[in-house]
Amino acid sequence: MTNAAHVAQSYIAVRNETDPDRRLALLVEHWSNDAHYLDPMVQANGHAGVNALISAMQQRFPNCRFILQGTPDGHNGRVRFSWSLVPAGAEPIAGGTDFIRLAADGRIRSVTGFLDRVPEGA
């Protein structure tokens, strides 16, 4: 089994990468070609779709970063972890718990996100 902390950290790194080309390279490295992302507000498929989703989120919430909360855990090709979305120098504006299913090669195959705290106006 791939290390749950490593999976969660690579996921957070992709979400925080602001350079679209570097983010796409990280997606190719850590997410399978047929990856799927789903939460209550959005969904995306494949590297290009997830890259566009992250870009849109960064435009909507500039100067915010995802921060890992607690200790990720995992079993049987699945990983669970919680996160917060935090503006520079401020309190978190959003938070949630994501569940990841891994592909056979250890890359992220699907993400199902649950929002515990939604930003105002969302």
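Here the structure is a predicted model, which means the values were calculated and not measured.

It is worth spelling out the pattern of salt bridges at this point. Should their charged atoms come close, side chains of opposite charge can pair. Within this structure, the stated rule accounts for 3 salt bridges. Asp34 is the partner of Arg109 in a salt bridge, and the nearest nitrogen-oxygen pair spans 2.9 Å. In this pair, Arg109 sits in strand S6 (residues 108-117) while Asp34 sits in strand S1 (residues 31-38), placing the two residues 75 residues apart along the sequence. By relative accessible area, Arg109 is classed as partly exposed at 32%.

In the numbering used here, UniProt assigns the "domain: SnoaL-like" (unreviewed entry) feature to residues 11-110. Helix makes up 32% of residues 11-110 and strand 45%, and the two end C-alpha atoms of the span are 11 Å apart.

So, on to the environment of Ile100. When you line up the elements, Ile100 lands in strand S5 (residues 94-102). Residues Ile100 and Arg78 lie 22 residues apart in sequence; the distance between their C-alpha atoms is 5.4 Å. Those residues in contact with Ile100, other than ones at most four positions away along the chain, are Val7, Tyr11, Gly77, Arg78, Val79, Phe81, Ile108, Ser110 and Val111.

With that settled, the discussion passes to the packing of helix H1 (residues 4-16) against helix H2 (residues 20-30). At a minimum axis distance of 9 Å, the contact between H1 and H2 shows a crossing angle of 155 degrees. One finds that H1 runs roughly antiparallel with respect to H2. As H1 packs across H2, the resulting crossing turns out to be left-handed. In this structure, H1 contributes His6, Ser10, Ala13 and Val14 to the contact, and H2 contributes Arg23, Leu26, Leu27 and His30. Per-class residue counts for the contact of H1 with H2 are 4 nonpolar, 3 polar and 1 charged.

Basis of the calculations
Residues numbered from 1 in each chain as written. Predicted model: local features only at pLDDT ≥ 70, side-chain atom pairs only at ≥ 80, totals over all residues. Heavy atoms only, no water. Salt bridge = Lys/Arg side-chain N within 4 Å of Asp/Glu carboxyl O. Helix = DSSP H or I, 4+ residues; strand = E, 2+ residues; numbered from the N terminus. Buried < 20%, exposed > 50% of the residue type's maximum accessible area, 1.4 Å probe, protein only. UniProt positions renumbered as here; feature names shortened; annotations may be inferred. Contact = heavy atoms within 4.5 Å. Axes fitted to C-alpha atoms, helices over the stretch in contact; angles between N-to-C directions. Parallel < 35°, antiparallel > 145°, perpendicular 65-115°, else oblique. Left-handed = near helix turned anticlockwise from the far one by under 90°. Nonpolar A, V, L, I, M, F, W, Y, C, P; charged D, E, K, R; others polar.

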